[in-house]
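An overview of the molecular structure
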Amino acid sequence: MPRSRLADLEESNLDLRVALAWLVRDDVGIDQHDLNASRRRAMFVLAAGGDPHRELDYASIAAERLAQELDTPERRVALAAALDRLVPEAAGLPSVTEALAILRGQPDLAWRSLALALIADEIADE
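What comes next is a walk through the structure. (Residues numbered from 1 in each chain as written. Predicted model: local features only at pLDDT ≥ 70, side-chain atom pairs only at ≥ 80, totals over all residues. Heavy atoms only, no water.)

Glancing now at the nonpolar core. Judged by nonpolar contacts, the single largest core of 42 residues is most densely connected at Leu6, Leu20, Val96 and Ile119. Broken down by secondary-structure element, the contributors of at least two residues to this core are α1 (3–10), α2 (16–23), α3 (32–48), α4 (61–70), α5 (73–86), α6 (94–105) and α7 (107–125). Considering every element that reaches this core, the biggest residue donor is α7, with ten residues. (Core = buried A, V, L, I, M, F, W, Y, C linked by side-chain atoms within 4.5 Å. Buried < 20%, exposed > 50% of the residue type's maximum accessible area, 1.4 Å probe, protein only. Helix = DSSP H or I, 4+ residues; strand = E, 2+ residues; numbered from the N terminus.)

Pasting the structure below:
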């Protein structure tokens, strides 16, 4: 992970927990077919609740559903390892370091952050 990407996050107004999860999404080992099917179902849930492009949050039913569908012990281990690998690169970036510490200390929050990142990624592609 290039440090410049983390430095850009340090200066952003993004939810760093979701942004960091997005950065490591490819390291979690989710099969593209499984991801696409689960994300499609989450988008239907999101659309059923109104505007599918509205701002998401951690209480979003769509994010909860996606998190549950994709959750496996192996994927959680992979997410934790991917976040751990960011720690040395985040040195000297206090906001990024704090967000990483929160994610590493709260695996359920990290997993939900990944689900939000995956939904945001899908919305951005539309």
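So, on to the packing of α5 against α6. At their nearest, the axes of α5 and α6 sit 10 Å apart, and the two run at 155° to each other. Considering their axes alone, α5 and α6 lie roughly antiparallel with respect to each other. For the pair α5 and α6, the crossing hand works out as left-handed. Of the residues in α6, those touching α5 at Leu83, Asp84 and Leu86 are Leu100, Leu103 and Arg104. (Axes fitted to C-alpha atoms, helices over the stretch in contact; angles between N-to-C directions. Parallel < 35°, antiparallel > 145°, perpendicular 65-115°, else oblique. Left-handed = near helix turned anticlockwise from the far one by under 90°. Contact = heavy atoms within 4.5 Å.)

Just geometry here; none of it tells us what the structure is for.
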